[in-house]
Structures are given as structure tokens and as C-alpha cells.
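For reference, the chains in residue letters:
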Amino acid sequence: MLYFYPGPSKLYPQVRNYLADAYDSGILSMNHRSADFVSIVQSAVMLLKTKLHIPQDYSVFFVSSATESWEIIAQSLVKKGSLHIFNGAFGQKWAEYSHKIHQKSSFFPYSLQEELDISKVANDATFEVICLTHNETSNGTQLDRQTIRAISEKYRDKIIAVDATSSMAGIELEWENADVWFASVQKCFGMPAGLGLMVCSPKALAAAQQINDRKYYNSLLFLAENMQHFQTNYTPNVLNIYVLNQVLSQIDDIKIIGERTERNAKNWYHFLEKHGFDVLVKNPKVRSSTVIAIQDEETFIRNIKEKAKQAGMILGNGYGIWKNTTFRIANFPAITDEEIAQLRVFLQSI
Ligand SMILES: *Cc1c(COP(=O)(O)O)cnc(C)c1O
């Protein structure tokens, strides 16, 4: 079966062996504070920074999911409120989680067909953190680099937090333009679910010191204190950290991966339009390079997913309000050119 679902998604084929290696190495039965495991954590952090070009002074934390990162940000970096800019289901969910914790959090929803107009977004003392979804997996939109750069310039006094769950390790990110980036590994990392990554700037950690939240097991300050020794306050996902370390040593530099992802995305959009598919996002400037959503009538969507399955391919369901009227195609790095070609042959036959 070929998997084009945008998370959980196709695993890098090497993962099969890494799982067996983890078992054989005995690491899964070792204490998570043992020197052997700590050195794996240290290596994974180092490789993440090298392969993904993360600035050396940024910190990496292991958590359990992107969803947990939403909550950590609200607990440890927000005092009054956060401002949420979104055009889809994941950004909205994040806003709703934050709102439960800080009633003063505000929302800036915008249309998925529009480029975000920063000049329309408020800048006042009601919020400390501005929350962006880099790649909106639910509808296949993406914030381009200029937009994040413009936000970073306009909001110098704020903490900028970016949900990069379905883009981190798929395309190059400009880390310096935000303070908190997070993702889970079941998207562009090509790994099994159950591990989240948070990448924080020194400014984010200074803000956490100021707020001094120490109420929760996953308070950012606890994560930071433990990570000084490459440890976590609770027993982490040892298996996935092991696999992450292996995957990171295997994959190309993000520059190479990102170029391929962006080239493949361009080819996908060209192919889909040429063959009469209705790409949900009309404006090429806001289209995602890692998740593509195609819309049609409910029966067509149901049928195409079913036929694809019979042909040995899993297409992604729609998500949120687009659940029944779109299907999605992941353009993640673990998917090979041969697999993409196979899906194209199928789509051309429809
Ligand atoms: C998948 C996804 C999430 C949720 O990830 P979990 O690992 O389930 O917490 C959050 N945000 C975006 C943009 C996603 O694509």
C-alpha cells in the first residue's frame, strides 16, 4: 500500500530496521537517564540543528505532540493572552485551546484564498504571543517566508510561535524570524507518531523565566532545566527518540530536501490543473508545498478515495469543514518519485 495521507504518513522505509535495531540494542529497557540513552538524545539534538540549520543558540525540547506544544505555550509563555492568526482547522483548534486557558486571547481568522495582510492585524498590549500556523494541513495553505519575516519585523516585542507540524523537515525554515517552532514527527519526518519537537529561541526562554510558570509537569522551565543534561522530566518516547536520531543521520541536508519538496509541489499543482482537478487553494502564493487539497462533490471524493484504495493507494481525507468535499495528497520527503508517478497514473485514469 502507498500512503499519501498527510499524517500519520508514509514512513521512511529504513524505519523498519531502526525499530528492530532499537530492540536489539537494549536501549528500550535502559534507564532514560543512563549515559547510553543521554548520548542518543544529545546526538539527536545535534543532528537536528545540523541537518535542519537550526541556530546553535536555539534549544530543542522533546514533548509528546504538537497539541501538547499548543498547551505548553499557553501555560508557560502567555500571561494575558495570545493572538491567533489562522485560516484553517489546526490554527483554529490551537486558538480554542489557548482561549480555554486565557480568556483574553484573540483571534484573527482570514480567508484561505487571501494572502495575510499584516497591516490589518492589531499590535497592542493585550497579548504577548502571536501564534501562526506555517502550514495549514487542513486546507493546504502555507505562509511564505516574506510574511513570517514581516511579522517578525512588526512584532519585535512579542514572542512569535509557529506551528510547523507539517512543514518542519520538509522545507527550509527561517528560524531566526520566530521564537518557538514546533512539530510532530508523523508528518515530514517520516516517522511513527508520538513524539513532538519544540525549538525555542533564547528570547522565548527569557520570557518563560519572566513568567516563571512552574505549575505543570510540562512547564517550559522544567523542560529547559532537564534538557541542560539532555534529559526530560518524565520518561520520554525512548523508541522514537532513537528512531529520530537514526532518521536524522540518514536524511539529506534540509536544503536538498526542501528543494526537492518545492520542485515536486510545483509539479503536482501543474499536473493537477492540467488534468482538470480543482485545487482548493486558488492563489499560487498561498499554496502549501507539503500538503495539497483537491475539492469536488462529495460522491466524487468518496469514489476517488475508494478507487485509489483498490489500486493500492491511500489518499488523505478532507479535514474540518473540508472533510467531505476535499481529498489531500501529502508531498512529504519520504514519498519517492516512483510513488508519485504511480499516483499520477491513477489520477490520469479517473
Ligand atoms: C497534525 C497537526 C497537528 C497535530 O499534531 P499532533 O501530533 O496530533 O498533536 C497540529 N498542527 C498541525 C498544523 C498539524 O498538521
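Before any of the text, the structure's been laid out above.
Residues numbered from 1 in each chain as written. Predicted model: local features only at pLDDT ≥ 70, side-chain atom pairs only at ≥ 80, totals over all residues. Heavy atoms only, no water.

1. Considering a nonpolar patch on the surface
Logical step 1: Together, Leu19, Tyr23, Leu28 and Leu239 give the surface a local cluster of nonpolar side chains, amounting to about 370 Å² of exposed area.
Logical step 2: Along the polypeptide, leucine 239 turns up in helix 8 (residues 238–250). (Patch = residues over 30% accessible without salt bridge, like charges linked within 9 Å, V, L, I, M, F, W, Y side chains within 5 Å. Areas by Shrake-Rupley, 256 points an atom, 1.4 Å probe, with all protein chains shown as cover. Salt bridge = Lys/Arg side-chain N within 4 Å of Asp/Glu carboxyl O. Helix = DSSP H or I, 4+ residues; strand = E, 2+ residues; numbered from the N terminus.)

2. Focus: the layout of surface pockets
Logical step 1: Estimates place the volume of the largest pocket at around 380 Å³.
Logical step 2: Here the lining of the largest pocket gets five residues from one element, more than from any other, and that element is helix 9 (residues 254–274).
Logical step 3: The calculated volume of the second largest pocket comes to roughly 290 Å³.
Logical step 4: Lining the second largest pocket are 21 residues; nearest its centre among them are Phe90, Thr165, Gln186, Lys187 and Tyr319.
Logical step 5: Elements with a contribution of two residues or more to the lining of the second largest pocket: helix 3 (66–76) and helix 4 (89–101).
Logical step 6: Split into classes, the residues belonging to the lining of the second largest pocket amount to seven nonpolar, ten polar and four charged. (1 Å grid on protein atoms, 1.4 Å probe; cavity = no way out; pocket = protein on both sides within 12 Å on 5 of 7 lines; lining within 4 Å. Points joined across faces, edges and corners; volume = space filled by probe spheres on them. Nonpolar A, V, L, I, M, F, W, Y, C, P; charged D, E, K, R; others polar.)

3. Topic: the pairing of strand 9 (residues 180–184)
The side chains of a regular strand alternate between both faces of the sheet.
Logical step 1: Counting buried positions over the five residues of strand 9 gives five, a clear majority of the element.
Logical step 2: Every second residue of strand 9 is oriented toward a common face, with Val180, Phe182 and Ser184 on one face and Trp181 and Ala183 on the other, all of them buried.
Logical step 3: Relative to strand 9, strand 8 (residues 159–163) runs parallel, the two being bridged by three bridges. In the strand pairing of strand 9, aspartate 163 is matched with phenylalanine 182.
Logical step 4: In the sheet, strand 9 pairs with strand 10 (residues 196–200) via five bridges, with the strands oriented antiparallel. Looking at the pairing, phenylalanine 182 lines up with methionine 198 of strand 10. (Buried < 20%, exposed > 50% of the residue type's maximum accessible area, 1.4 Å probe, protein only. Pairing = 2+ DSSP bridges.)

4. Focus on the packing of helix 3 against helix 4
Logical step 1: Two numbers describe how helix 3 lies on helix 4: the axes approach to 9 Å, and their chain directions differ by 40°. As the angle between them shows, helix 3 and helix 4 are arranged oblique. As helix 3 runs across helix 4, the sense of the crossing is right-handed. Contact residues: helix 3 offers Thr67, Trp70, Glu71, Ile73, Ala74 and Gln75, while helix 4 offers Phe90, Lys93, Trp94, Tyr97, Ser98 and Ile101.
Logical step 2: Split into classes, the residues belonging to the contact of helix 3 with helix 4 amount to seven nonpolar, three polar and two charged. (Axes fitted to C-alpha atoms, helices over the stretch in contact; angles between N-to-C directions. Parallel < 35°, antiparallel > 145°, perpendicular 65-115°, else oblique. Left-handed = near helix turned anticlockwise from the far one by under 90°. Contact = heavy atoms within 4.5 Å.)

5. Looking at the sheet that holds strand 14 (residues 316–317)
Logical step 1: Judged by pairing direction, the sheet is antiparallel, and its four strands sit side by side in the order 11-12-15-14 without closing on themselves. Across the chains shown, the open sheet's two edge strands, defined by having one partner strand only, are strand 11 (278–279) and strand 14.
Logical step 2: The pairing of strand 11 with strand 12 (residues 291–295) spans two bridges and is classified as antiparallel. Residue pairing for strand 12: aspartate 278 is matched across the bridge by glutamine 295.

6. Focus: the pattern of salt bridges
Logical step 1: Counting across every chain of the model gives ten salt bridges.
Logical step 2: One salt bridge connects arginine 149 with glutamate 174, and the closest N-O pair in it is separated by 2.9 Å. Taken as a pair, arginine 149 in helix 5 (residues 145–154) and glutamate 174 in the loop between strand 8 and strand 9 lie far apart in primary sequence, 25 residues in all.
Logical step 3: Residue aspartate 278 is joined to lysine 282 by a salt bridge in which the shortest nitrogen-to-oxygen separation is 2.5 Å.
Logical step 4: On the accessibility criterion, lysine 282 (42% relative accessible area) is partly exposed.

7. Quick look at the packing of aromatic side chains
Logical step 1: Under the criterion given, the structure shown has nine aromatic pairs.
Logical step 2: The interplanar angle of 50° and the centroid separation of 6.3 Å between the aromatic rings of phenylalanine 127 and tyrosine 155 together place this pair among those described as tilted. Linking phenylalanine 127 in the loop between strand 4 (106–109) and strand 5 (129–133) with tyrosine 155 in the loop between helix 5 and strand 8, this pair joins segments that are 28 residues apart in sequence. Both residues of the pair, phenylalanine 127 and tyrosine 155, belong to the buried class.
Logical step 3: Ring geometry for tryptophan 268 versus phenylalanine 271: centroids 5.8 Å apart, planes at 85°, classification edge-to-face. With a gap of three residues between them, tryptophan 268 and phenylalanine 271 both fall in helix 9, about one helical turn apart. Comparing tryptophan 268 with phenylalanine 271, the two get one shared label, buried. (Phe/Tyr/Trp six-rings, centres within 6.5 Å; stacked < 30°, edge-to-face > 60°.)

8. Quick look at the site of the ligand
Logical step 1: Around the ligand, a shell composed of 13 residues is seen, among which Thr67, Thr137, Asp163, Ser184 and Lys187 lie nearest.
Logical step 2: Take alanine 66: an N or O atom from its main chain is 3.2 Å from an oxygen atom of the ligand.
Logical step 3: The side chain of threonine 137 places a nitrogen or oxygen atom 2.4 Å from an oxygen atom of the ligand.
Logical step 4: The fraction of the free accessible surface of the ligand (390 Å²) that becomes covered by protein chains is 86%.
Logical step 5: Under a 2 Å grid-point criterion requiring more than half of the atoms, the pocket assigned to the ligand is the second largest pocket. (Near = heavy atom within 4 Å. Polar contact = N/O pair within 3.5 Å; in protein donor to acceptor, adjacent residues only side chain to side chain. Sits in = over half its atoms within 2 Å of the grid points.)

9. Considerations on the nonpolar core
Logical step 1: Phe62, Met168, Val180, Trp181, Phe189, Leu244 and Leu347 are the most contacted members of the largest nonpolar core, which has 112 residues in total.
Logical step 2: The dominant element in this core, judged by the number of residues it contributes, is helix 2 (residues 35–52), at eight residues.
Logical step 3: Sequence-distant contacts of phenylalanine 62, that is, excluding residues within four places in its chain, are made with Val41, Ala44, Val45, Leu195, Gly196, Leu197, Met227, Thr232, Tyr234, Ile241 and Leu244. (Core = buried A, V, L, I, M, F, W, Y, C linked by side-chain atoms within 4.5 Å.)

Distances and angles like these do not, on their own, reveal function.
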